[in-house]
Amino acid sequence: MTELATRAQAFGLVAEGVAAGLSAPWRLYLARGCRHVSLNVADRTEWDAWRAHLGCPELSVRVYDAGGQIRRASVAEVLVDGCRISVELVEEVSTDDLDRLLVVDPAPPAPEER
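Notes on the structure follow. (Residues numbered from 1 in each chain as written. Predicted model: local features only at pLDDT ≥ 70, side-chain atom pairs only at ≥ 80, totals over all residues. Heavy atoms only, no water.)

### Focus: the sheet that holds strand β1 (residues 27-31)
Pairing within the open sheet is mixed, and its five strands lie in the order β1-β2-β5-β4-β3. Only two strands of the sheet have a single partner each, and these edge strands are β1 and β3 (58-66). Ignoring strand direction, the axes of neighbouring strands in this sheet form an average angle of 20 degrees. Across five bridges, the pairing between strand β2 (residues 36-40) and strand β5 (residues 83-93) is parallel. From the neighbouring strand, Leu-39 faces β5, where its bridge partner is Val-87. With respect to the sheet, helix α2 (residues 44-54) is in contact with β2, β3, β4 (69-80) and β5, its orientation differing from that of β5 by roughly 165 degrees. (Pairing = 2+ DSSP bridges. Helix = DSSP H or I, 4+ residues; strand = E, 2+ residues; numbered from the N terminus. Axes fitted to C-alpha atoms, helices over the stretch in contact; angles between N-to-C directions. Contact = heavy atoms within 4.5 Å.)

Now the structure itself:
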């Protein structure tokens, strides 16, 4: 992101989202030279709102150990005019959260059982 017009476009994209009622990202990273904008948000609601606003089709989730704390990084990405835009959320999770991921949700009851 070296050209001024591209930087202006990136900031304009964020300004449009905030003007539409989205919470401002708590951190905005503009990568020099590689055409990448990264928005970091505070919670899942903001992450969902930004990824819907930007129309992010690519989603990924990574769970990792960070010095004894388990973290989940959720990333949504979209390519706009050759620039990769990602919305990132990093959350601390407990082993209870991980246990829920391993349990298969039971099937909903059949209509006659309700």
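Having seen the structure, we can now continue with the description.
### A word on the environment of Glu-88
On the secondary structure map, Glu-88 appears in strand β5. Exposure remark for Glu-88: the relative accessible area of 22% places this residue in the partly exposed category. For Glu-88 and Ser-60, which are 28 residues apart along the polypeptide, the C-alpha to C-alpha distance reads 9.8 Å. Setting aside chain neighbours within four positions, we find Glu-88 in contact with Ser-38, Leu-39, Asn-40, Val-41, Trp-47, Ser-74 and Val-75. (Buried < 20%, exposed > 50% of the residue type's maximum accessible area, 1.4 Å probe, protein only.)

### Here's the deal with the pairing of β3
Bridge count for β3 against β4 is nine bridges, and the pairing is antiparallel. Within β4, the position partnered with Asp-65 by the bridge is Ile-70. Hairpin connection, β3 to β4: the antiparallel pair is bridged by two residues, and Gly-67 has positive phi, about 65 degrees.

### A closer look at the side chain of Ser-74
On the secondary structure map, Ser-74 appears in strand β4. For Ser-74, a relative accessible area of 1% puts it in the buried group. Within polar-contact distance, the side chain of Ser-74 engages the side chain of Arg-44 at 3.1 Å. In this structure, Ser-74 is in contact with Arg-44, Trp-47, Ser-60, Val-61, Val-87, Glu-88, Leu-89 and Glu-91, ignoring residues within four places of it in sequence. (Polar contact = N/O pair within 3.5 Å; in protein donor to acceptor, adjacent residues only side chain to side chain.)

### So, the nonpolar core
Core analysis: the biggest nonpolar cluster contains 17 residues, and Val-37, Leu-39, Trp-50, Leu-54 and Val-87 have the highest contact counts within it. Residue assignment for this core shows that the elements contributing at least two residues are α1 (4-19), β2, α2, β4 and β5. Per element, the largest residue contribution to this core is four residues, and it comes from β5. Discounting chain neighbours no more than four positions away, the residues touching Val-87 are Leu-39, Val-41, Trp-47, Trp-50, Leu-54, Ser-74, Val-75 and Ala-76. (Core = buried A, V, L, I, M, F, W, Y, C linked by side-chain atoms within 4.5 Å.)

By themselves these figures say nothing about function.
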